[in-house]
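In case you want the letters, here they are:
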Amino acid sequence: MAGNGSRAHAGGSLEERKQPMKFSWVACEPNCRGWISAVGIVTANSPKDFDEFARGRQLAGATIVLDSSGGSVNDSIALGRRWRALGALTTVGTSIRTLTGQGERGSVAPEAYCESMCVFLLLSGKTRYVPDGAHIRVHQIWMGDRAEDARAASYTAQDLMIVERDIGRLAKYTFDMGGTGDLLSLALSVPPWEELYQLNRDELRLTNLVTTDAVAEVLLPDPRAIPVAGRTVKPVQDRFASETVSAETTQLQAASPKSTKTAEATVPTGGVVVAVPAQ
C-alpha cells in the first residue's frame, strides 16, 4: 500500500464517493496480481453493475479495495453475498494509478473511508485488512429519503416495518459473514442525526472486521514474480477459477430478498442518489 500522499487523488475520491458505486480493475504487474476498486454509493443497480463488470473476468479470490459512504441495505447485502461466494478478500483504500516507463502501475493509499453499509461490504471478505489510515465509521440504517433531517421527518407504520425488517436481514447477514453482535450494537446505537462513530483498532478486532494485520494477505504477490523454489502459493490459474459463479452463488442469489423498498445506510451528503426500488 502506498504511503500517505497524493491529495489530488483523495479529493477526487471524495467526489466519487457521492456517486453510484463504480467498479474497475487496477493492475500492478509485475509484483502483484491487481485488485478491484469499488468506489461510491451502493444503489439498486450496484449488484447488476458488478455482475456486468465480472462477466468474462476470472475474479475468484480477487481483492476488493473499498472507498464508500454506504448505500442501500438490501443491495449491499446482495453485493456482499456475491463477493463472499467468489471468495473475495477485502480492504479499504484509495486506488491510485501511475504511468511509468513500463506502463500503468497501481498502488493503494490508506487514507480512505468505509462508512455505514460499506462496513458490511468489508465484512464480506474471507480475509479482511484495514490500514491504520483508513476511517471505518458506522451509524443506524434509516429511510434513505429522510436521512437528511431524520428527526423532523414523518414516518408511517409501514416505514417502521421496513426499517425493522431490514435490521433483521442485516443481522442475519452479519452473522453469516462471521461478524459479531458487537458490530450491530455499535452501528444501531448511533442515530442518523449524530456524527458517525469511528471504530478504533480494538473495536475492529472485537467486531471481527479485521482478520489480519498483514497487508500481503490481501494485496497478494504475483507468484510469477517469485522464484520457483520459493513459491508457497498456488499458480494464478488455480487461484482464479475459470468457471463462472458456483452453485453456492446461485443459491445465495436465489435467497436474496426481492423487496420493492429498502432502508438505506448512507452518510447524508445533500443531493445524494436515493435508492431506486429494487426490480
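Sequence order sets the numbering: in each chain, residues are counted from 1 along the sequence as written. Note on the predicted model: pLDDT of at least 70 is required for a residue's local features to be given, and 80 or more for side-chain atom pairs to be given and counted; whole-chain, interface and lining totals, by contrast, use all residues. Heavy atoms from the whole structure form the basis of all side-chain values; hydrogens and water molecules are not counted.

Colleague: I'm lost on helix α6 (residues 181-188) in this one. Help?
Modeller: Count 3.6 residues to each turn of an α-helix, and residues three or four apart come out pointing the same way. Turning to α6, its buried residues are Leu183, Leu184, Leu186 and Ala187. The buried residues of α6 occupy an angular sector of 165° when projected down its axis, which confines them to one face. Only heavy atoms enter the contact rule, under which two residues are in contact if any of them lie within 4.5 Å. Only DSSP runs of H or I reaching four residues or more are called helices, and only runs of E reaching two or more are called strands; each is numbered from the N terminus. Contact partners of the buried residues in α6: α4 (117-122), β10 (135-138), α5 (157-176), β11 (197-198) and α7 (201-206). Three exposure classes are used, based on accessible area relative to the maximum for each residue type with a 1.4 Å probe and protein chains only: buried under 20%, partly exposed in between, and exposed over 50%. Of all possible arcs, the one meant is that of the directions from the helix axis to the C-beta atoms.

Colleague: What is the right way to look at the state of the cysteines in this model?
Modeller: What is meant by a disulfide is a covalent connection between two cysteines, made through their sulfur atoms. Count a disulfide wherever a pair of cysteine sulfur atoms falls within 2.5 Å. Applying the stated criterion across every chain yields a total of one disulfide. Between the sulfur of Cys114 and that of Cys118 lies a disulfide, 2.1 Å long from S to S. The chirality of the disulfide connecting Cys114 with Cys118 is left-handed, given an S-S dihedral of about -105°.

Colleague: Could you clarify how one ought to interpret the packing of aromatic side chains in this entry?
Modeller: Aromatic rings considered in pairs are described by the distance between their centres and by the relative angle of their planes. Two rings from Phe, Tyr or Trp (for Trp, the six-membered ring) form a pair when their centres are within 6.5 Å of each other. A pair whose planes differ by under 30 degrees is stacked, one over 60 is edge-to-face, and the rest are tilted. Evaluated as defined, the whole model comprises six aromatic pairs. Taking the centre distance of 5.2 Å and the plane angle of 70° together, the rings of Phe23 and Phe50 count as edge-to-face. One end of the pair, Phe23, is in strand β1 (residues 22-26); the other, Phe50, is in helix α2 (residues 46-54), with 27 residues separating them in the sequence. Phe50 carries the same exposure label as Phe23, and that label is buried. Ring geometry for Phe50 and Trp83: centres 5.9 Å apart, planes at 65°, overall edge-to-face. Residue Phe50 is located in helix α2, and its partner Trp83 is located in helix α3 (residues 73-85); the two are separated by 33 residues in the primary sequence. No difference in accessibility class separates Phe50 from Trp83, as the two residues are buried.

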